[in-house]
Amino acid sequence: MRVCLNLILLFVSACLFGACGAEGDTNFGLGDTNAVVSGTGDQLHPYLDGQTLVWFDLSLDPEGRCYGENLDGTWDNTCLGQVRSLELSTGLKHSWTEVMEGEVVPATSDGLVVWRCLESGERGLCIVAEGSSKTFRPGLGWSFNSWYVNGRPPAVDRGEVFWVGYDNEQGGYRIMGGDLRSGEVWPILEMDEYPYELVAFGGYLAWTVGRNENGLYRYHLEMMDRASGARTGVVDAEEQVFGLGGYGDRLGWKQGWVDYESEESTLHVYLRSEDGSVERVDSDESWVSAETPVAVGSDSLIWIDYRRGGYSVAAYRDGDDAETLLSSEQAMIGASTPPVVSGNRVVWSDRQLGDWDLVLHRL
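All figures in this text were calculated on a predicted structure; none of them were measured in a lab.

Participant: Hey, could you run me through the overall build of the chain in this one?
Facilitator: The helix and strand inventory of the chain stands at one helix and 29 strands. Here the C-alpha atoms of the chain give a radius of gyration of 20 Å, agreeing with the 21 Å that 2.2 N^0.38 yields for 363 residues. C-alpha atoms of the chain, sized along the principal axes, occupy 60 × 50 × 40 Å. Within the chain, the fraction of its 363 residues that count as buried is 52%. For the chain, contacts bridging at least 24 residues in sequence account for 43% of all contacts bridging at least 6. Working note: accessible area of the chain is about 16400 Å², and carbon and sulfur atoms make up 47% of it. The chain carries 26 positive and 57 negative side-chain charges, and their two centres are separated by 4 Å.

Right, dumping it as structure tokens:
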């Protein structure tokens, strides 16, 4: 059984007691790897677009984190934080909001910072740009059964946002698009099944559905060029397909089943390259975590791996024989803290110093 007691103890220790060593003993990862956002309070939900890193900063929360039980047995009822950004090329940091109550999962696209929000009883997107006040777009970016996807950032790309709606008159589901600046909304695709994942990247959409076919349940992954509307079937399998991520015209995903009793991994990572070829990219030594989506870069694919017994950040680069574990053995990485990548930069969350800090690795 690969999920051993050491894994459970490591994760519990990271969540409850913070760092296991002094700051001088900290080792975040291989090569050029450093904490770029740290200090008191958790730094949550990083999103990377080019040189711009955005996240939710809890340094002003009394407990420095969102809700949960405190070490003294009392209950933390607050989640007070700000949406902030860091320009990696200049080191310039910016606070996009005042202190807000409630956990926020932000994204950024085309110079805009966006997150799902609730105002006057309506659900929608909050949108802000440098030098402008916040705009609230009711209905924009909220999926039918949206509670299922609210832990992920809005699906944004090139200044647009995408989500799944339900047609109350005709029945069925519909992939919708919206312009973040104007608020214009348009239908993209009618569907019989609800896509349980939807991602937008490089002018493309990709989604997964499951359906019963002649008594067998099968999973389908499709990709669509938004400009032409051309659709491509990528995967048709009995195995579960999930954890989508994309960059340019490259699409990555996880495929398989989680079997904690097996001595061999039954969950793997796949990449569809620019030429349409598909390959499994994780090695036989890998043990792919099911909890987080993959992150796809211009020549890389990143995922969370737990072959060491604790979680690690694994990276496959085009032309490599096998993936490399980027994070150190001292790293304290959670199962629900997905890494992000843009270009040759990878960012993930590490709790060695007692709070969740954001760590940058240059590939």
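There is more to say after this.
Participant: Looking at this model, I keep getting lost on the state of the cysteines. Mind explaining?
Facilitator: By definition, a disulfide links the sulfur atoms of two cysteines through a covalent bond. Scanning all chains against the criterion turns up two disulfides. The disulfide bridge from Cys66 ends at Cys79, spanning 1.8 Å between sulfur atoms. Placement of Cys66 in the loop between strand E3 (52–57) and strand E4 (80–87) and of Cys79 in the loop between E3 and E4 is noted, with a sequence separation of 13 residues between them. Owing to a relative accessible area of 17%, Cys66 belongs among the buried residues under this scheme. One disulfide bridge connects Cys117 with Cys126, the sulfur atoms lying 2.2 Å from each other. Its S-S torsion of approximately 105° makes the covalent link between Cys117 and Cys126 right-handed. Each disulfide of the chain joins two cysteines, and with those cysteines numbered along the sequence the arrangement is 1-2, 3-4.

Participant: I'm lost on the pairing of strand E25 (residues 312–317) in this one. Help?
Facilitator: A regular strand places its side chains so that they alternate between the two faces of the sheet. Within E25, five of the six residues are buried, which leaves it mostly tucked inside the rest of the structure. With six bridges connecting them, strand E24 (residues 300–305) and E25 associate as antiparallel partners. Of the residues in E25, the one forming a bridge with Trp303 is Ala314. As consecutive antiparallel partners, E24 and E25 are separated by six residues, and within that stretch Gly309 has a phi angle of approximately 105°, a positive value. Pairing analysis gives two bridges linking E25 to strand E26 (residues 324–325), with the strands arranged antiparallel.

Participant: What exactly am I supposed to notice about the sheet that holds strand E1 (residues 33–37) here?
Facilitator: As a general point, the strands of a sheet are linked pairwise by backbone hydrogen bonds and lie either parallel or antiparallel. Across the sheet, which stays open at both edges, the four strands sit in the order E1-E29-E28-E27 with antiparallel pairing between neighbours. The outermost strands of the open sheet, each flanked by one partner alone, are E1 and strand E27 (340–342). Neighbour-to-neighbour, the strand axes of the sheet open up by a mean angle of 30°, direction not taken into account. When E27 meets strand E28 (residues 345–350), the two strands line up antiparallel, connected through three bridges.

Participant: Mind showing me how you'd approach the nonpolar core here?
Facilitator: Nonpolar side chains in soluble globular proteins tend to end up buried together. The biggest cluster of nonpolar side chains holds 30 residues, and the ones touching the most others in it are Phe56, Val83, Trp115 and Leu180. When residues of this core are traced back to their parent elements, those giving at least two are strand E2 (43–49), E3, strand E8 (112–119), strand E9 (122–129) and strand E12 (160–166). Once residues within four sequence positions are removed from consideration, Trp115 is found in contact with Val83, Thr97, Met100, Val104, Val105, Pro106, Gly124, Leu125, Cys126, Val128, Lys134 and Pro154. Counting residues in hydrophobic clusters, the runner-up holds 29 residues, among them Tyr196, Leu267, Val281 and Val294.

Participant: Before we go on, may I ask you to explain empty space enclosed by the protein in this structure?
Facilitator: Tallied over the entire structure, the rule returns two cavities of 30 Å³ or more. One number sums up the size of the largest cavity: a volume of about 60 Å³. Lining of the largest cavity is provided by Trp257, Val258, Asp259, Tyr260, Glu264, Ser265, Thr266, Leu267, Trp287, Val288 and Tyr306. Grouping the constituent residues of the lining of the largest cavity by class yields seven nonpolar, two polar and two charged.

Participant: How do you make sense of the pattern of salt bridges when you look at a structure like this?
Facilitator: Oppositely charged side chains may form a pair once their charged atoms are brought near each other. What the rule picks out here adds up to 21 salt bridges. For Arg280, the salt bridge is made with Asp282, and the minimal N-O distance between the two is 3.0 Å. On the basis of relative accessible area, Arg280 is assigned to the partly exposed category, the value being 31%. For Asp282, a relative accessible area of 5% gives the class buried. Taking the shortest distance from any N to any O, the salt bridge between Glu323 and Arg307 comes out at 2.5 Å.

Thresholds applied
One numbering rule holds for all chains: residues counted from 1, following each sequence as written. Where local features are concerned, this predicted model is filtered to residues with pLDDT of at least 70; where side-chain atom pairs are given and counted, the filter is 80 or more; whole-chain, interface and lining totals use all residues. With hydrogens and water stripped out, all remaining heavy atoms of the structure feed into the side-chain values. Under the DSSP-based scheme used, a helix requires at least four consecutive residues in state H or I and a strand at least two consecutive residues in state E, with every element numbered from the N terminus. For a compact globule the rule gives 2.2 Å times the number of residues to the power 0.38, and the radius of gyration it is set against comes from C-alpha atoms. For every residue, the accessible area obtained with a 1.4 Å probe (protein chains only) is divided by the maximum for its type, and the residue is called buried under 20%, exposed over 50%, and partly exposed between those limits. Only heavy atoms matter for contacts: two residues are in contact if any of them lie within 4.5 Å across the pair. Only the protein chains shown count as covering a residue, and every accessible area follows the Shrake-Rupley method with a 1.4 Å probe. Counted as positive: Lys and Arg. Counted as negative: Asp and Glu. His and the chain ends are not counted at all. Every charge is mapped to an atom, namely NZ of Lys, CZ of Arg, CG of Asp or CD of Glu. Here, the term disulfide refers to a pair of cysteine sulfur atoms separated by no more than 2.5 Å. When DSSP locates at least two bridges between a pair of strands, those strands are taken to pair. Interaxial angle, 0 to 180 degrees, is taken between N-to-C directions of lines fitted to C-alpha atoms, where a helix line uses only the stretch in contact. Residue types Ala, Val, Leu, Ile, Met, Phe, Trp, Tyr and Cys, when buried and joined through side-chain atoms within 4.5 Å, form a set referred to as a nonpolar core. Using a 1 Å grid laid over the protein atoms alone, points where a 1.4 Å probe fits but cannot get out form a cavity; open sets with protein on both sides within 12 Å along at least 5 of 7 lines form a pocket; any residue with an atom within 4 Å of a point counts as lining. Grid points are joined across faces, edges and corners, and a volume is the space filled by probe spheres set on the points. Residue classes follow a fixed rule: Ala, Val, Leu, Ile, Met, Phe, Trp, Tyr, Cys and Pro count as nonpolar, while Asp, Glu, Lys and Arg count as charged, and any other residue, Gly among them, counts as polar. Counted as salt bridges are all cases of a side-chain nitrogen of Lys or Arg within 4 Å of a carboxyl oxygen of Asp or Glu.

By themselves, these figures tell us nothing about what the structure is for.
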